[in-house]
Amino acid sequence: MDTTFYFRRISVTLACTLAVATPFALQAHETRAGAIGIEHAYAVPSLAGSRNGVAYVVRIRNEGPAPDKLLRAVSPVAGRVELHNMGMNAQGVMQMREVDGIAVEPKGAVEMKPGMGYHFMLMDLKQPLKDGDSFPMTLVFEKAGSVDVKVVVQTPKAGAGQHPH
């Protein structure tokens, strides 16, 4: 058996795996505060002339034994940040509303993504959000306290759903 062949094959496989995985690993990031883990905070580039924007976190995880609640968020890029939920009302009409918090159950998670569900509304933007930029945002939890995250501005991937703003 020629071991050189196997080492070469393993090297090529490893190189291909890293080439495919690295762009995703470089984009994704996680922040932790106690039992709370916040995966990849991102915002969508703002529309021309819009004073509002939208931001998400891929997932908020609670690895602890007790529930927690996201109470609010603040960022220097906006006059205020509101927690919103998008869903269908009883008449089947899409409706967005501000919520007073987002509960995260013990050993549970909350996902955010364009389309239906939770998101951050960035109201009264101080400047447009441009693809490739980043900015800080502080998430305030009932038990975990304040968590600073880096929000990356990026165009959503095809098929990821679109936000109506």
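One can find the structure itself at the top, above this paragraph.
Just so you know, these numbers come straight off a predicted model, no measurement behind them.

**Student:** How should the environment of Val110 be read in this particular structure?
**Tutor:** With respect to the helices and strands, the residue Val110 is situated in strand 8 (residues 108-111). Measuring from C-alpha to C-alpha, the distance between Val110 and Ile60 comes to 5.2 Å, with 50 residues separating the pair along the chain.

**Student:** Any chance you could explain the pairing of strand 4 (residues 68-74) here in plain terms?
**Tutor:** Every regular strand shows the same layout, with side chains that alternate between the two sheet faces. Two strands pair when backbone bridges link them, and strand 4 and strand 7 (residues 102-104) are joined in this way by three bridges, in the antiparallel orientation. Looking at the pairing, Leu70 lines up with Ile102 of strand 7.

**Student:** Please explain the environment of Gly64 as it appears in this structure.
**Tutor:** By the secondary structure assignment, Gly64 is in the loop between strand 3 (53-62) and strand 4. Distance from Gly64 to Glu105, taken between C-alpha atoms, is 8.8 Å for residues 41 residues apart in sequence. Contacts of Gly64, omitting those with residues within four sequence positions, involve Ala35, Pro106 and Lys107.

**Student:** In this structure, what is going on with the pattern of salt bridges? I would like to understand it.
**Tutor:** It is possible for side chains of opposite charge to pair when their charged atoms get near one another. Here the structure, examined in full by the defined rule, presents 10 salt bridges. Residue Arg61 pairs with Glu30 through a salt bridge whose shortest N-O separation is 2.9 Å. Of the two residues, Arg61 sits in strand 3 while Glu30 sits in strand 1 (residues 30-33), which places them 31 residues apart along the sequence. Judged by relative accessible area, Glu30 falls into the partly exposed class, the value being 42%. In this structure, the salt-bridge partner of Asp100 is Lys69, at a minimum N-O distance of 3.9 Å. In this pair, Asp100 is assigned in the loop between strand 6 (94-98) and strand 7 and Lys69 in strand 4, connecting sequence segments 31 residues apart. Exposure remark for Asp100: the relative accessible area of 63% places this residue in the exposed category. Linked by salt bridges that have partners in common, Glu30, Arg32, Glu39, Arg59, Arg61, Glu63 and Glu111 make up one network.

**Student:** Help me out: how do you make sense of the side chain of Asp68 in this one?
**Tutor:** With respect to the secondary-structure elements, Asp68 resides in strand 4. Of the side chains bearing the opposite charge, Lys143 lies closest to the buried Asp68, which forms no salt bridge; the N-O distance is 5.7 Å. Within the local environment of Asp68, its side chain forms a polar contact with the backbone nitrogen of Ala144, the two atoms lying 2.9 Å apart. Those residues within four positions of Asp68 in sequence are excluded, and the remaining contacts are Ile36, Asn62, Ile102, Ala103, Val104, Phe141, Glu142, Lys143 and Ala144.

**Student:** Looking at this model, I keep getting lost on unusual backbone geometry. Mind explaining?
**Tutor:** Generally, phi is negative for residues other than glycine and the peptide bonds are trans, each holding for most cases. The backbone phi angle of Lys107 is positive, close to 60°, even though this residue is not glycine. Along the chain, the position of Lys107 falls in the loop between strand 7 and strand 8. With phi around 55°, Asp124 is a residue other than glycine that occupies positive phi space. For Asp124, the position within the fold is in strand 9 (residues 117-125).

**Student:** Can you help me understand the pairing of strand 5 (residues 78-88) in this one?
**Tutor:** As paired strands, strand 5 and strand 9 are joined by eight bridges and run antiparallel to one another. Bridging across to strand 9, Leu83 finds its partner in Phe120. Pairing of strand 5 with strand 6, which is carried by five bridges, proceeds in the antiparallel orientation. Paired with Asn85 across the bridge in strand 6 is Arg97. The hairpin formed by strand 5 and strand 6 contains five residues between the paired strands, and Gly92 there has a positive phi angle of roughly 80°.

Parameters at a glance
- Residues numbered from 1 in each chain as written.
- Predicted model: local features only at pLDDT ≥ 70, side-chain atom pairs only at ≥ 80, totals over all residues.
- Heavy atoms only, no water.
- Helix = DSSP H or I, 4+ residues; strand = E, 2+ residues; numbered from the N terminus.
- Pairing = 2+ DSSP bridges.
- Contact = heavy atoms within 4.5 Å.
- Salt bridge = Lys/Arg side-chain N within 4 Å of Asp/Glu carboxyl O.
- Buried < 20%, exposed > 50% of the residue type's maximum accessible area, 1.4 Å probe, protein only.
- Lys, Arg positive; Asp, Glu negative; His and termini not counted.
- Polar contact = N/O pair within 3.5 Å; in protein donor to acceptor, adjacent residues only side chain to side chain.

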